[in-house]
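Below are the chains, spelled out letter by letter.
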Amino acid sequence: MTTYVRPASLEEALELLAGDGAAPLGGGTDLAGQVDRGISAPATLVDLRDAGLATVEPDGDGVRIGAAATLAELAESAVIEPYAAVGAAASLAASPLLRNVGTVGGNICQHTRCWYYRGQEWHCWLGGGETCYAQIGDHRKHGLEPGDCISAHPSDLAPALAACGATVEVRSTTGARELALLDLYRRPTADDRSLLVLEPGELVAAVRLPTPPDASAYQRLGERAAFSFPLVSVAAARHGDETTLVAAGVANVPRKLDPSDPLAGLPGNPQSTWKRRALVTLVERALAAVSSES
Amino acid sequence: MKPRLVKSQREMEGRFEDVWVLVDEDDEVESWPEDAELDVVGKPATRLDGPVRTSGAAHYTVDVALPGMLHALILRAHVARARLTGLDVEAARATPGVRAVLGPGDATAMGGDPVLTDEPGWAGAPIAAVAADTPDAAAAGLAALAPAYETLAPLEVDGGLEEQRFTEEPRETVRGDPDAGLAAADARIELTCETPAHVQSPLEPHAAVARWDGDSLTAWVSTQGMFDARRELARRFGLLTEQVRVISEFIGGGFGAKQGAGVEALLAAELARATGRPVRLALGRHEEQVVGGRRAWTRQTVTLGARSDGTLTGIELAAVVAMGAGGWIFPVAEPALSIYACPNVRTMVFPVRTSLRAQNAFRAPGVVEGVTVLEQAIDELAGALGMDPLELRRANHVDRDQGSGLPYSSKRLLACYDRASELAGWAARDALREPQADGLLRGMGCASQIWWGGGGPPAHATVRLDSEARALVTTGIQDIGTGTLTSARIVAAEELGLPLAHVVARGGDTAPNLYGPVAGGSMTTPAVMPAVRSAAGKVRRILLSLAADVLEIAAADLTISDGRIRSRDGALDVDVVEVTGKLGNATIDGTGARGPNPDGFRVNTFGCQIAQVAVDPGTGVVAVERVVAVHDVGRIVNPLAASSQAEGGVIQGIGYALSEELVVDPTTGMPVNGHLDDYKVPTIADMPEILVDFPNVADPNLPNLGAKGLGEPPIVPTAAAIANAFAHATGRRAAALPLTPARVLEVLA
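No experiment lies behind these values; they were computed from the predicted model shown.

Let us now look at the overall build of chain B. Looking only at helices and strands, one finds 17 helices and 27 strands in chain B. The globule rule puts the C-alpha radius of gyration for 749 residues at 27 Å, and the 27 Å found for chain B is close to it. Summarising its shape, the C-alpha atoms of chain B cover approximately 85 × 75 × 50 Å along the three principal directions. By residue count, 59% of the 749 residues in chain B fall in the buried class. Partitioning the contacts of chain B with sequence separation of at least 6, the portion at a separation of at least 24 is 80%.

This part covers the overall build of chain A. Check the secondary structure of chain A and you find ten helices and twelve strands. For chain A, whose C-alpha radius of gyration is 18 Å, the value lies close to the compact-globule estimate of 19 Å for 294 residues. Across its three principal axes, chain A shows a C-alpha extent of roughly 55 × 50 × 35 Å. Within chain A, counting contacts between residues at least 6 apart in sequence, those at least 24 apart form 63% of the total.

Turning our eyes to something else, we now look at the sheet that holds strand 22 (residues 564-567) of chain B. All names here are of chain B. Taken together, the three strands give an open sheet; going across it, the order is 21-22-23, and neighbouring strands pair in antiparallel fashion. In this open sheet, the two edge strands, each paired with only one partner strand, are strand 21 (558-561) and strand 23 (573-575). Strand-to-strand twist in this sheet, taken as the mean axis angle between neighbours without regard to direction, amounts to 25°. In the sheet, strand 21 pairs with strand 22 via four bridges, with the strands oriented antiparallel. Among the inter-strand pairings, serine 561 is bridged to a residue of strand 22, identified as arginine 564. Helix-sheet contacts for helix 13 (residues 524-551) involve strand 21 and strand 22, and the interaxial angle to strand 21 is about 125°.

The interface is formed by 26 residues belonging to chain B together with 21 residues belonging to chain A. Residue classes in the side of chain B that touches chain A are distributed as eleven nonpolar, ten polar and five charged.

A separate point is helix 6 (residues 262-275) of chain B. Residues and elements named next belong to chain B. Spanning 14 residues, helix 6 covers 20 Å between terminal C-alpha atoms, matching the ideal 20 Å at 1.5 Å per step. For helix 6, the tally of buried residues reaches eleven of 14 residues, placing the bulk of the element in the interior. Taken residue by residue, helix 6 has Gly262, Val263, Glu264, Ala265, Leu266, Leu267, Ala268, Ala269, Glu270, Leu271 and Ala272 as its buried positions. Once helix 6 ends, the next one or two residues include glycine 276, with phi positive near 70°.

Let us look at the nonpolar core. Counting 305 residues, the largest nonpolar core has Ala85 of chain A together with Ala72, Val130 and Ala268 of chain B as the members making the most contacts within it. No other element matches helix 13 of chain B, which puts eleven residues into this core. Sequence-distant contacts of valine 130 of chain B, defined by excluding residues within four places in its chain, comprise Ala72, Leu73, Ala92, Val98, Val101, Ala138, Gly141 and Leu142 of chain B.

On to the sheet that holds strand 27 (residues 689-693) of chain B, then. Residue and element names in this part refer to chain B. Pairing within the open sheet is mixed, and its four strands lie in the order 17-25-26-27. Looking at strand neighbours, the two that pair on one side only are strand 17 (441-451) and strand 27, the edges of this open sheet. Recorded for the sheet is a direction-independent mean angle of 15° between the axes of neighbouring strands. Its contacts with the sheet put helix 16 (residues 718-730) on strand 17, strand 25 (605-615) and strand 26 (622-632), and the angle it makes with strand 17 is roughly 150°.

Residue and element names in this part refer to chain B. Cis peptide bonds are those with omega within 30 degrees of zero, and the linkage from proline 457 to proline 458 qualifies with -5°. Tracing the chain through its elements places proline 458 in the loop between strand 17 and strand 18 (460-465). Note the cis peptide between leucine 737 and proline 738, where omega equals 0°. Here proline 738 shows up in the loop between helix 16 and helix 17 (741-748).

On to the pairing of strand 13 (residues 279-282) of chain B. Residues and elements named next belong to chain B. Judged by which residues are buried, strand 13 turns out to be covered on both faces: Val279 and Leu281 on one side and Arg280 and Ala282 on the other are all buried. Where strand 3 (residues 70-76) and strand 13 come together, two bridges link them in parallel fashion. Following the sheet pairing, leucine 70 is matched in strand 13 by valine 279. In terms of strand pairing, strand 10 (residues 207-213) meets strand 13 through four bridges, oriented antiparallel. By the bridge assignment for strand 13, alanine 210 is matched with valine 279.

The contact between helix 10 (residues 274-290) of chain A and helix 17 of chain B brings their axes to 9 Å, and the two run at 90°. Put simply, helix 10 of chain A runs roughly perpendicular to helix 17 of chain B. Contact with helix 10 of chain A, carried on its side by Trp274, Arg277 and Ala278 of chain A, involves Pro741, Ala742, Leu745 and Glu746 of chain B of helix 17 of chain B and no other residues of that element. Split into classes, the residues belonging to the contact of helix 10 of chain A with helix 17 of chain B amount to five nonpolar, no polar and two charged.

Residues and elements named next belong to chain B. Mapped onto the elements of the fold, glycine 124 is located in the loop between strand 5 (98-102) and strand 6 (126-132). Judged by the 24 C-beta atoms lying within 10 Å of it, glycine 124 is buried. Expressed as a C-alpha distance, the spacing of glycine 124 and alanine 80, which sit 44 residues apart in the sequence, is 6.7 Å. Not counting residues within four places of it along the chain, the set of residues in contact with glycine 124 comprises Arg76, Glu287, Val290, Val291 and Arg357.

To continue, consider the packing of helix 12 (residues 484-496) of chain B against helix 13 of chain B. Residues and elements named next belong to chain B. For the pair helix 12 and helix 13, interaxial distance at closest approach is 8 Å and the crossing angle is 30°. By the criterion of interaxial angle, the relationship of helix 12 to helix 13 is roughly parallel. Helix-helix and strand crossings are classified by hand; for helix 12 and helix 13 the assignment is right-handed. In contact with Thr484, Ser487, Ala488, Val491, Ala492, Glu495 and Leu496 of helix 12, helix 13 contributes Thr524, Thr525, Val528, Met529, Val532, Arg533, Ala536, Gly537, Val539 and Arg540. Across the contact of helix 12 with helix 13, the residue classes break down as nine nonpolar, five polar and three charged.

All right, on to the confidence of the model for chain B then. Per-residue confidence for chain B averages 96 on the pLDDT scale, and 100% of its residues sit at or above 70. Reported confidence for the predicted complex is 0.97 by ipTM and 0.98 by pTM.

Turning our eyes to something else, we now look at helix 10 of chain A. For an α-helix the count is 3.6 residues per turn, leaving residues at separations of three or four pointing the same way. Over its 17 residues, helix 10 of chain A runs 25 Å from end to end, which matches the ideal 24 Å to within 8%, given 1.5 Å per residue. Looking at the buried positions of helix 10 of chain A, the neighbouring elements they touch are strand 9 (215-221), strand 10 (232-239), strand 11 (242-248) and strand 12 (255-257) of chain A together with helix 17 of chain B.

Moving on: the environment of alanine 511 of chain B. Residue and element names in this part refer to chain B. If you trace the backbone, alanine 511 turns up in the loop between strand 20 (503-506) and helix 13. C-beta crowding within 10 Å serves as the criterion here: with 13 such atoms nearby, alanine 511 is assigned to the partly exposed category. Along the backbone, alanine 511 and valine 244 are 267 residues apart, and their C-alpha atoms lie at a distance of 8.4 Å.

Okay, the environment of glycine 181 of chain B next. Residues and elements named next belong to chain B. By the element assignment, glycine 181 lies in helix 4 (residues 178-183). Measuring from C-alpha to C-alpha, the distance between glycine 181 and leucine 312 comes to 8.5 Å, with 131 residues separating the pair along the chain. If sequence neighbours within four positions are ignored, glycine 181 has contacts with Gly176, Gly305, Thr313, Gly314, Pro343 and Asn344.

Scoring rules and cut-offs
Residues numbered from 1 in each chain as written. Chains lettered and ligands numbered in written order. Predicted model: local features only at pLDDT ≥ 70, side-chain atom pairs only at ≥ 80, totals over all residues. Helix = DSSP H or I, 4+ residues; strand = E, 2+ residues; numbered from the N terminus. Rg over C-alpha atoms; globule rule 2.2 N^0.38 Å. Buried ≥ 20, exposed ≤ 12 C-beta atoms within 10 Å, placed from the backbone. Contact = placed C-beta atoms within 7 Å. Pairing = 2+ DSSP bridges. Axes fitted to C-alpha atoms, helices over the stretch in contact; angles between N-to-C directions. Nonpolar A, V, L, I, M, F, W, Y, C, P; charged D, E, K, R; others polar. Expected span 1.5 Å × (residues − 1). Core = buried A, V, L, I, M, F, W, Y, C linked by C-beta atoms within 7 Å. Parallel < 35°, antiparallel > 145°, perpendicular 65-115°, else oblique. Left-handed = near helix turned anticlockwise from the far one by under 90°. pLDDT = per-residue confidence, 0-100.

Rendered as structure tokens:
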């Protein structure tokens, strides 16, 4: 039995989220799929739509994006225009229908699309089992980084936000902390299989973007022209002579790449080495798009 | 009226069988002359059911909700091969809300074969079924069954040939002397290509609702074959045909996957009988994608030999088909045997047993797979000969079926080549290979299409005309979304001389007991429409005879069109209601039956598609930019529905070529992408410009209408044309489809 609640403020939402088995509900586009496949079984669904987290607004020289803002709202927001990579990622993710309900917080916190993790027929290592079925099975869409789990990070927004230097505002009833977006993610370990550093009761309440980069771009490769998770994607942001590259689809987490050696540490597996070639192309195109010479 | 029973031949997707056919001499309506000016046939008409389908008002089987209805779920193993070692049926029965539980051995199909198994041999095989007051209670009951298994290794296609692990004997067909033919060739090529397992993925899953009223059974079934469903249910439960009513008014797609009653209707009826309550059983999306069916994976090797002028001297095909647990071997060898003139052909088909469900029909089963590889080989041969690919195809044109030696009833493939070539700009195709400003590699490829689609008896219809000159056409059509009921209205309106708006057509219900064939084999139009025209023709003759009485003019001097009765001399012009109005509460009724196909011919459909693609060599993305589809299917009844059919076939063919592929986990034998998030059906954003045209000339040898079926032809050549365009663009050929970014990058590396 699942209880549905719709708190009218962030404080009330945090109180509810402190309860056992409570899960934040944005658009539900990932959570519903998790419930459907037995990955999550929340006791309480805490609907965030009235919690005051849906604004996209200027924040000093930067922008503050409420976690409950939808991808469509983000993509259409004028204040996001100086962050071209973020706007592109928000408008290329999923499909129009999903972008109309899927939220920024939900998008960056979504679970991997690994078909073994998502499939009810397997109890894989990441899900608490003993075997990474992808490594002995079909891993054509998996990550390139070696590890106990080779699932790939699926968010379009995360690499774009991270390249632009985003931080996240994490809230709970006991306080608030701010982390670099990339520090929100962790590689799973034998004794902790989670992919996020969030403690029980903690909520990503907002994403903050600092001063806009001089240029930024987002390049993605999907399985079809729309309504596809990125197989590989690369965001680039340039501040003066310095360019930051962050990729999705290549590791458990959104992963920084070294612009001079983007494939470093990403050997791939027999069926996924093709992703190395795609990654090189996307890096070249993203770098070209942010180049000061163009 | 003189009914007779005659022996005739019936064809279904390339299988021929002799059938007795009830023939009524009054049914022998003459075909319209080629220059006849028709008022309704051949004019684009929107479908009557369009608004209810698009607004959501249409009630599909999954929407049926009856008072007291129970919800049923099926237990399926999480591994493809296993032996059941534990199943707690009592715990499931004791679950609150659960009304009935069936386990292995508790349910059988019409032939007595068990429906539920304790030795699942394929992914998703049904083990038990639970019916409960609510879906949640059924799920709790399913969980309480707590099955335990001894797991067995799944059967993969690799090793199947070596182990001779076949579902039935491999098939070899030989014509002439293929070894000598290939040896005598000036040019010879060999091509091996794998084609993917392709899932039908209908929007509405397999579903049934069953309700018993005493000894009578009503079943709502999402099926392409409601009369087959009726027969199966009657046999299974020992009922008379008239005790079973099957309703299939709206069907959310089938594409071949929904035949007869299916496990769903058998189990729903069994559970309804056990509980005395109506029972609904609808597959979930994951179940649908795993057990609904698929076009089988194949690996085919084609060897072609030709003289330097392009004349084929020998064809050899070796095809391995991953059958799953069994099923009919679809005609994968047919294209090699029939598309081109060649005296020397050998085809071998190896049906390997694997651990998926038995392969089932998917829109032009077998022929899509065969054409997809053969037509790529033809292009390779054109390359080896330095010939234009379309010229090579023209050079090997054939006007008779080489297996039977019989001439085709009509064939306008050469006209299709010409028209497609013109629409696609084929003559300038090599300009596409110049360096492109956007950095993409462009190319254009073609492929030929062959399929059956002549239909045949039996099919029946009635037409009833009332005093307000409104006509009701009753048929055995189950309109799976193709618009065939609208075609029935068009044909009846034409024959009756009434405006289309004055004619309605019904189907989707076995209660009137007017038989129609399964909506498969591209046979609804060629089988049913002649029966409709025949029934309408009888009503028309009666109406004219009544008009002669009322208007005091000889019937032979009267015509009816657009709802008006006119004398041939032009002196008289009255609304048809002037005559029908005298009927009061009486009606004019006519029945019609489809007559046999003519002896001495093979009836086939033909066509050509040309695709243009753009390949991104950096990411491996293949975008289809344009597809031209020209198909010869005889007379076109409704051009709007016909172009929709062609577009739908092309869209499904694009999915087969670029993104759709059922992937199976080697460890468990379970599909890893049995969900729509990972199984990539194309979206509207992937769609190219699709240009459709038809020669639209009636087949003079088909009875009464000259129209052939169009359900299947348009999907046949699409993937081959795209693969050929890819090879034209890149100079490389992929060893397997679909052309995903992963494969393309590997091919281009």
